[in-house]
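Summary of structural features
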2 protein chains.
Amino acid sequence: MAALCIQTPFKPLTFPPHTNTNPKPKPTIIRCSTKASISNPPLALDPHPQYSSVVSFAPASVANLGPGFDFLGCAVSGLGDTVTLRIDHQVPPGHLSISSVSTRHLSTNPLFNCAGIAAISAMRRLRVRSHGLSLSLHKGLPLGSGLGSSAASAAAAAVAVNALFGDRLSASELILAGLDSEAKVSGYHADNIAPAIMGGFVLIRSYDPLELIELKFPEEKELFFVLVSPEFEVPTKKMRAALPAEVGMKEHVWNCSQAGGLVAAVLLGDVEGLGKALSADRIVEPRRAPLIPGMEGVKRAAIEAGAFGCTISGAGPTAVAVTDEEEKGVRIGESMVEAFWREGMLKASAAVQRLDRVGARVVSRSP
Amino acid sequence: MAALCIQTPFKPLTFPPHTNTNPKPKPTIIRCSTKASISNPPLALDPHPQYSSVVSFAPASVANLGPGFDFLGCAVSGLGDTVTLRIDHQVPPGHLSISSVSTRHLSTNPLFNCAGIAAISAMRRLRVRSHGLSLSLHKGLPLGSGLGSSAASAAAAAVAVNALFGDRLSASELILAGLDSEAKVSGYHADNIAPAIMGGFVLIRSYDPLELIELKFPEEKELFFVLVSPEFEVPTKKMRAALPAEVGMKEHVWNCSQAGGLVAAVLLGDVEGLGKALSADRIVEPRRAPLIPGMEGVKRAAIEAGAFGCTISGAGPTAVAVTDEEEKGVRIGESMVEAFWREGMLKASAAVQRLDRVGARVVSRSP
């Protein structure tokens, strides 16, 4: 029996009501306040559902892009989570139930499930009061792989709630809903949830107010991510503990310049420069890589096989390399899988994926 | 009587001979090795002069752009240094003499003069052996103002030498010549000399090899720099000593994200975002601003007057603010001048300038 979630009293919204009927506006720079503000009184929306059910999908994402640590992420195609959300008259109005989750490693209590928390936050933001919802989560992403698994669930859920009620929330509000989930699960970081919702590359400029910069990788350029996931559970606490409290001024300037180079490479569509920047982190990766058996050798193998750059995806253990040709990507992936086995005694699997430029989206609607 | 400089033995060049006849190629990303390499044997150029004399100009530049500390700079219009260079049969072949300098604060010994050092380095790179040169430097930039005064002299000199002999050196080689000068005068930093030579915004990705990324601010967008220079001599050593040896991880991530935001703002032509990023440095400016009387108040005054952002130009004491309208720039400048007087008891002068997109150039040639 799925647990029900009783919503806490509505928090005031910080946004004016949205009249935009686009499913997901995509401005270059979006700004919003993460603080509740009494100057913006709560909206009495309680919107009417437009559909009886919707199915949504949100892609995997790669955060901590080398020198882009903690503020830059991108969405990748092929992998992701799927949410089915429906109006459920068995569920008390204004409440959410999780009817099924495809893995038993995740709770069906909405308060302890990424998708549940984000869905509830989106319901709050929309002031859904008169309808109960039932959510089913299909995990396409492995847990704890460094590919933004929790963010994908949250993004798919928030987008599903929004679509069910006529797409009244902006991308910013959807991201804030997702952030409510991320904060409880993996920390208040938007570098997975923002690209999972917006697609492409997203830079998190600030959190209060939340300001995001969409970095458009040129449409005409090819970019492939080689994602190699070893069978290894990363001790997340250890990964966080590996971060230094302080950074030498020289390393700071170096990483800052590489972060600038990374942003330039994305906007200019310079895959070689992007790879170079990815590989150039002197602060986080050198401390984290030794905690993933074979990672340093995997990076070397990727570069030797022709990758423009390679680093740890998120907090690992997935390694991510970049290239501009799919076939080359396959060969690079093979080399990296071999290196994980040879140097880390870890079995691993490789996938070559494109940039996901769309982000979380509705894949079907039932009237 | 101007001092003569006897050149030390030629160092091997690291470049292949240039067949490019463009005066200054402007690639998006330029790479070159800063190390002498025996695999690239010295070139026996000793080129023939194309002119009897040339006059060159190089613009002021703003480095340490907030979170762009030590790796990002841009050239600004209106102000700059002028070099007149001529074939002088009174000067021994392969040698350089400085015939005049417009300020008595600078040496006429080419080995102790920014223009002289850069000119000699350019002569070496060209293998000028059969002609003696005479250089005259007119300083349009005040010394020690934080506007890249030494870089402007070096850039103008290197470009003049190159032009006199038919523009055989690439932009990278000119920058390396300028770097030889900067290294002796203000440290091995290219964030003034690169924009002084290339124009626009330039990101220094690495020094060995030297890799520069030209960040094109969109042609159709307006960008104005409000440069306010107080009558105050900055104790350079004190400014460098104010830098922390280490930086907290949180500040590091913040500044990195602002550096990324700054680069994005430049490439997207987002003047507001550019200003915001300029203002957002939490590492260098907070430690240096208190050493310039009134600087914190000047920054506040600039923002209150409508500037999108404000920071210290270079190592100061000039304050730089940005806006998208010239008239607004004039008002902002007045407010900043007033604030320097009110809060720092310093007289100051303001200038509103555009981005210089061209960089160092020849302004006249005599056959």
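For every chain, the first residue of its written sequence is number 1, and the numbers climb from 1 along that sequence. Chain letters and ligand numbers both follow the written order, the letters beginning at A and the numbers at 1. This being a predicted model, a pLDDT of at least 70 is required before a residue's local features are given, and a value of 80 or more before pairs of side-chain atoms are given or counted; all residues contribute to the totals for chains, interfaces and linings. The side-chain values count all of the structure's non-hydrogen atoms but skip hydrogen atoms and water molecules.

Under an unreviewed UniProt entry, chain A has the name Homoserine kinase and belongs to Stephania cephalantha. UniProt positions are given in the numbering used here, feature names are shortened, and annotations may be inferred rather than shown by experiment. Taken verbatim from the UniProt record of chain A, the Sequence similarities (unreviewed entry) comment is "Belongs to the GHMP kinase family. Homoserine kinase subfamily." Database annotation for chain A, UniProt heading Pathway (unreviewed entry): "Amino-acid biosynthesis; L-threonine biosynthesis; L-threonine from L-aspartate: step 4/5."

**As for the overall build of chain A**
Looking only at helices and strands, one finds 10 helices and 14 strands in chain A. Categorising residues by exposure relies on relative accessible area from a 1.4 Å probe, with only protein chains included: less than 20% of the type maximum marks a residue as buried, more than 50% marks it as exposed, and the intermediate range marks it as partly exposed. For chain A, the proportion of its 367 residues judged to be buried stands at 60%. Contacts were defined at the residue level, with two residues in contact if any of their heavy atoms lie within 4.5 Å. Of the contacts formed within chain A by residues at least 6 apart in sequence, a portion of 78% connects residues at least 24 apart. For chain A, the computed accessible surface area is about 14,000 Å², with 54% contributed by carbon and sulfur atoms. Secondary structure elements are taken from DSSP: a helix is a run of H or I of four residues or more, a strand is a run of E of two residues or more, and numbering for both begins at the N terminus. Surface accessibility follows the Shrake-Rupley procedure with a 1.4 Å probe radius. Residue values consider only the protein chains on display as shielding.

**Some thoughts on the side chain of B:Arg205**
In this fold, B:Arg205 is placed in strand β7 (residues 201-207). His is not counted, nor are the chain ends; Lys and Arg add positive charge and Asp and Glu add negative charge. The rule for a salt bridge is simple: a side-chain nitrogen of Lys or Arg has to be within 4 Å of a carboxyl oxygen of Asp or Glu. Despite its burial, B:Arg205 remains without a salt bridge, the nearest opposite charge being carried by B:Glu211 at 4.1 Å.

**As for the relation of the copies chain A and chain B**
Each copy of the chain is related to the other by a rotation around an axis and a translation along that axis. The copies were overlaid with a least-squares fit restricted to C-alpha atoms from residues scoring a pLDDT of at least 70 in each copy. Superposition record for chain A on chain B: RMSD 0.0 Å, screw rotation 180°, translation along axis 0.0 Å. Here the copies are linked by what is in effect a two-fold axis. Both copies present the same face, since 100% of the interface residues in chain A are matched by interface residues at the equivalent positions in chain B.

**Details of helix α10 (residues 326-344) of chain A**
Residue and element names in this part refer to chain A. In this analysis, the expected span of each helix is defined as 1.5 Å times one less than the number of residues it contains. Between the first and last C-alpha of α10 there are 26 Å, a value that for 19 residues agrees with the 27 Å anticipated at 1.5 Å per step. Among the residues making up α10, those that are buried are Lys-328, Gly-329, Ile-332, Gly-333, Met-336, Ala-339, Phe-340 and Gly-344. For α10, the angular spread of buried residues about the axis comes to 140°, placing them on one side. Looking at α10, the residues exposed on the side facing more than 90 degrees away from the buried face are Glu-327, Glu-338 and Arg-342. Structurally, α10 contributes buried residues whose contacts are with β9 (224-230), α9 (295-304), β11 (309-312), β12 (319-323) and β13 (348-354). Within this analysis, the arc is defined by the directions that extend from the helix axis to the C-beta atoms.

**With respect to the interface of chain A and chain B**
Often, the extent of an interface is quoted as the loss of accessible area upon association of its parts. Opposite the 43 residues of chain A that make contact, chain B presents 43 residues. Two parts placed together each lose some accessible area; with a 1.4 Å probe, that loss summed over both constitutes the buried area. With both sides pooled, the region where chain A packs onto chain B buries about 3,100 Å², and carbon together with sulfur makes up 66% of that total. In this assembly, chain A and chain B are joined by two salt bridges. Whenever two N or O atoms come within 3.5 Å, that pair is a polar contact, provided that in protein one can donate a hydrogen and the other can accept it, and provided that, for residues adjacent in sequence, both atoms are side-chain atoms. The tally of links between chain A and chain B comes to 10 residue pairs in polar contact (both at pLDDT 80 or more). For the side of chain A that touches chain B, the elements supplying multiple residues, two or more each, are β2 (29-32), β7 (201-207), β8 (210-215), β10 (246-248), α6 (249-268) and α7 (271-278) of chain A. When residues of the side of chain A that touches chain B are assigned to their parent elements, the largest contribution, 16 residues, is made by α6(A). Residues are sorted three ways: Asp, Glu, Lys and Arg are charged, Ala, Val, Leu, Ile, Met, Phe, Trp, Tyr, Cys and Pro are nonpolar, and all the rest, Gly among them, are polar. Residues that form the side of chain A that touches chain B fall into these classes: 25 nonpolar, 10 polar and eight charged. DSSP-based pairing: two strands are paired if at least 2 bridges between them are found. In this structure, β10(A) lies alongside strand β10 (residues 246-248) of chain B, joined through three bridges in antiparallel fashion. Looking at the pairing, A:Val247 lines up with B:Val247 of β10(B).

**Quick word on the environment of B:Thr82**
Within the secondary structure layout, B:Thr82 lies in strand β4 (residues 72-87). Note: C-alpha distance between B:Thr82 and B:Ala155 (73 residues apart in sequence) is 9.6 Å.

**What about the packing of aromatic side chains?**
Residue and element names in this part refer to chain A. Two rings from Phe, Tyr or Trp (for Trp, the six-membered ring) form a pair when their centres sit within 6.5 Å of each other. Planes less than 30 degrees apart are called stacked, planes more than 60 degrees apart edge-to-face, and all others tilted. If you walk through the whole model with that rule in mind, you get six aromatic pairs over all chains. Centroid distance Phe-201 to Phe-217: 6.4 Å. Interplanar angle 35°. Geometry classified as tilted. Of this pair, Phe-201 sits in strand β7 while Phe-217 sits in the loop between β8 and β9, placing them 16 residues apart in sequence. As far as burial versus exposure is concerned, Phe-201 and Phe-217 are alike and both buried.

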